[in-house]
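# Residue-level structural notes
Here is what each chain is made of, one letter per residue.
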Amino acid sequence: MLFSFDTLAEWFPEHDGKRFAHIETVVLDSRKKARNGLFIPIVGERFNAHDFIEQAVENGAVAALWAKTEPAPAHLKSACHFFYVDDTLAGLHQLATRYRNEVDPIVVGITGSNGKTTTKDLVASVLSTTYKTHYTRGNFNNHIGLPQTILEMPRDAEVLVVEMGMSSFGEIDRLTKIARPDYAIVTNIGESHIEFLGSREGIAKAKLEILNGLKENGVVIVDGDEPLLNNVPKKFETIRCGFSNDESVTYQIRDIALDIDSTSFSVNGKRYTIPLVGRHHAKNAAYVLALAKKLNVTEENIDIGFRKVQHTGMRFEKMETKEGAVIINDAYNASPTSMMAAIDVIKSMPAFNKKILVLGDIFELAEQAETFHKQIGKAIDETIDVVFTMGTNAKFISEEAKRLAPEKLRRHFADKYELVNALKPHLTKGVVVLFKASRGMAFENIVAEIISA
C-alpha cells in the first residue's frame, strides 16, 4: 500500500467522490493498468491528460489529483474520488516529497554533464549488495520522472538513488528539493546545454544547484580534475575523485587497462574491474567507491556490484553484425566531452584491424557548434581508419579529420541510406564501429538497419 484514503484526505483536504480503501500505485499515463491507482493528469503544451480520466478509471484508477480549473466529470464520481489541487504537477511534487519523508531512505542524488546514468547504474548495483535499493529507471531524471521514481519506491526501501538532469537554471534546484539527498555526486562539467547556460561556468553553477536540497550533514562527491568544482561550500564534506595526484583528490585513479568488454584500474592501491569500456568509466566507478566506503559496503560487495552492473541501453552497447563486425551503439546522447571520450576508447581498443567512427551532430552548442565539432575532428588521428559523418555540423568533424589524415577515408553524408550503403562493405570480422550522436539524430535507426542487414 502506498497511501490510505485518510492520508490523502489529510494532504489534499478538498475532495469528493467515491471513497476507496487504499492506493497501490500512482500513474500519469491513463493507458497503464493500475489496480487501485491514483491518476495524476499532467497538463503539457500540446495535451491535457484530464481528458483521459475515463480511460484511467477503466484501467484501475480509483482516485485522481484534479486541477480545480478543470470540471470534474460528475458521472465518474460513483467510481472515482477526486482530490482538488491548484496544479497537478505541483501536486505530484508534493506527493513525492511527502512520500519520501515517510519512507525516509538514504538518498543519493546524481547529476553532471556526462556519465549520470552510468554512475547511477553503478551506484545501484553496488549498494544493492548491502541495502534494499530503489533507483531511477532508464533516465527518468526530470521534473516528472524524478517524482515518479520516488512514488514507485517500496516502503521498505533503505536507499533511493535518483538521477537529476536539466537544460536550464533552476531545474536541478526544484529536483533536489523534492529528493533531499544525503549524498550528492557531480560527475563532471561538460558542454551540454551551453546554448541555454552560456558557458561552462554557467553549467557548473546549474549542476551545483543540487546542493540546495542537500541535507545539512550531506556529503558531496565530485570530479577532482575539474577546477569548476573546487568551490563547494565548506559546510559540506567534499570528496574528490580523479586522475590527478593532487593531495586534495582522495580517490586517485591509476594504471588503467582497457579490454574489449571491461576496464580495470587501481584506486589507492586496490585493483578493480568493471564490465564497461573507457577511461571515463573508471572515474564514474571511483565516485561509487567513495560513496560505498561512506556507507560501509565491504570490498567483497563492491567487487560483486561492479561485476553485475546492468548498463542502460544505447550507452556503449555492444552488438555484432552477421559478418562478425562489432557495433558499439553509444547513440543515446552526446556532448563534445563524451564524444571525444568515446573516440579515445575506440583508439585504445585492442584486437581490431579496422576502426570506424560514425558520428552525428551534437545539439545545443549555439554559436560554438562549429568550434566544438572541429575540435572533435582534431582528436581523430591515423589510428582511426574510417570516419563517416551525418548532420548539419558533423561535416566539420570529417573535414577536419580529412585535413589531418588525407590518406584515410573521411566522408560526410546528407542521407542515411547512402551512409548505410557506404558502411556495409566495411562490416567484416575484425572491424569495430562506433555510433555516436545527439539523441535527436536517431542513430539507433541506422544501427538497427545495420544489424538486421
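Going by the structure above, here's the rest.
This section reports on the structure supplied with the text. Just so you know, the residues in each chain are numbered from 1, in the order the chain's sequence is written. A pLDDT threshold of at least 70 governs which residues receive local features in this predicted model, and a stricter bar of 80 or more applies before side-chain atom pairs are shown or counted, although totals over entire chains, interfaces and linings include all residues. The side-chain quantities take in all heavy atoms of the structure and omit both hydrogens and water.

### Examining the packing of aromatic side chains
For any pair of aromatic rings, the description rests on two quantities: the centre-to-centre distance and the angle between the ring planes. Working definition: a ring pair exists when centres of Phe, Tyr or Trp rings (six-membered ring for Trp) sit within 6.5 Å. Plane angles under 30 degrees give stacked, over 60 give edge-to-face, the rest tilted. All told, the structure shown has 11 aromatic pairs when counted by the stated rule. For the pair Phe-3 and Tyr-99, a centre-to-centre distance of 5.5 Å together with 70° between the ring planes defines the contact as edge-to-face. Here Phe-3 is found in strand 1 (residues 3-4), whereas its partner Tyr-99 is found in helix 3 (residues 88-103), with 96 residues between them in sequence. In this structure, Phe-3 and Tyr-99 share a single accessibility class: buried. When the ring of Tyr-272 is compared with that of Phe-306, the centres are 6.0 Å apart and the planes differ by 85°; the resulting orientation is edge-to-face. Residue Tyr-272 is located in strand 16 (residues 270-274), and its partner Phe-306 is located in helix 10 (residues 299-307); the two are separated by 34 residues in the primary sequence. In this pair, the class of Tyr-272 matches that of Phe-306, namely buried. Each member of the aromatic cluster is reached from another via a ring pair, and the members are Phe-5, Phe-12, Phe-20 and Phe-83. Criterion for a charge above a ring: Arg CZ or Lys NZ at most 6 Å from the ring centre, at most 35 degrees from the ring normal. For Lys-205, the ring lying beneath its charged end belongs to Phe-169, and the centroid distance is 5.7 Å. Its guanidinium or amino end placed over the ring of Phe-243, Arg-279 lies 3.9 Å from that ring's centre, counting from NZ or CZ. Secondary structure elements are taken from DSSP: a helix is a run of H or I of four residues or more, a strand is a run of E of two residues or more, and numbering for both begins at the N terminus. Three exposure classes are used, based on accessible area relative to the maximum for each residue type with a 1.4 Å probe and protein chains only: buried under 20%, partly exposed in between, and exposed over 50%.

### Digging into the layout of surface pockets
Each cavity reported here is a set of points on a 1 Å grid over the protein atoms alone in which a 1.4 Å probe fits but cannot get out, each pocket an open set with protein on both sides within 12 Å along at least five of seven lines, and each lining residue one with an atom within 4 Å of a point. Grid points are joined across faces, edges and corners, and a volume is the space filled by probe spheres set on the points. Looking at the second largest pocket, its volume works out to about 170 Å³. Contributing to the lining of the second largest pocket are Pro-275, Leu-276, Val-277, Val-309, His-311, Thr-312, Gly-313, Arg-315, Phe-316, Glu-317 and Lys-318. Note that Gly is not counted as nonpolar here; it falls among the polar residues with everything else outside the nonpolar set of Ala, Val, Leu, Ile, Met, Phe, Trp, Tyr, Cys and Pro and the charged set of Asp, Glu, Lys and Arg. Residue classes in the lining of the second largest pocket are distributed as 5 nonpolar, 3 polar and 3 charged.

### Focus on empty space enclosed by the protein
What the rule picks out here adds up to 1 cavity of 30 Å³ or more. Broken down by class, the residue content of the lining of the largest cavity amounts to 3 nonpolar, 1 polar and 1 charged.

### Concerning the environment of Lys-18
Within the secondary structure, Lys-18 is located in the loop between strand 2 (15-17) and strand 3 (22-23). A relative accessible area of 46% places Lys-18 in the partly exposed class. When the C-alpha atoms of Lys-18 and Cys-80 are compared, they prove to be 5.3 Å apart, with 62 residues separating the residues in sequence. If we skip the residues at most four places from it in the chain, Lys-18 touches Lys-77, Ser-78, Ala-79, Cys-80 and His-81. By definition, residues are in contact when any of their heavy atoms lie within 4.5 Å.

### Considerations on the nonpolar core
Within the largest apolar cluster, 84 residues are counted, with the highest numbers of intra-cluster contacts made by Phe-3, Leu-8 and Leu-95. Not counting chain neighbours up to four residues away, the residues in contact with Phe-3 comprise Leu-8, Trp-11, His-22, Ile-23, Val-26, Leu-95, Tyr-99, Leu-151 and Arg-155. What is meant by a nonpolar core is a set of buried Ala, Val, Leu, Ile, Met, Phe, Trp, Tyr and Cys residues, joined one to another through side-chain atoms within 4.5 Å. Core analysis: the next-biggest nonpolar cluster, separate from the first, contains 36 residues, Leu-122, Ile-253, Ile-274 and Ala-292 among them.

### Side note on the sheet that holds strand 7 (residues 81-85)
Any two strands with at least two DSSP bridges between them are considered paired. A sheet is described by the order of its strands in space; here 5 strands give the open sequence 2-7-6-5-4, paired in mixed fashion. Of all strands in the sheet, those with a lone pairing partner are strand 2 and strand 4 (25-27), marking the two edges. Pairs of neighbouring strands in the sheet enclose a mean axial angle of 25°, with direction left out of account. Direction of pairing for strand 4 relative to strand 5 (residues 37-39): parallel, over a ladder of 3 bridges. Bridging from a neighbouring strand, Val-26 pairs with Leu-38 of strand 5. Orientation is described by axes fitted as lines to C-alpha atoms, over the contacting stretch for helices, and by angles from 0 to 180 degrees between their N-to-C directions. The sheet contacts of helix 3 involve strand 4, strand 5, strand 6 (61-67) and strand 7, and relative to strand 6 the element is tilted by about 120°.

### What to know about the sheet that holds strand 15 (residues 263-267)
Taken together, 9 strands build an open sheet; the order of strands is 9-10-8-11-12-13-14-15-16 and the sheet is mixed. Each edge of the open sheet is held by one strand with a lone partner, namely strand 9 (133-135) and strand 16. Shown here is a sheet whose adjacent strand axes are inclined to one another by a mean of 20°, direction ignored. The pairing of strand 9 with strand 10 (residues 159-163) spans 3 bridges and is parallel.

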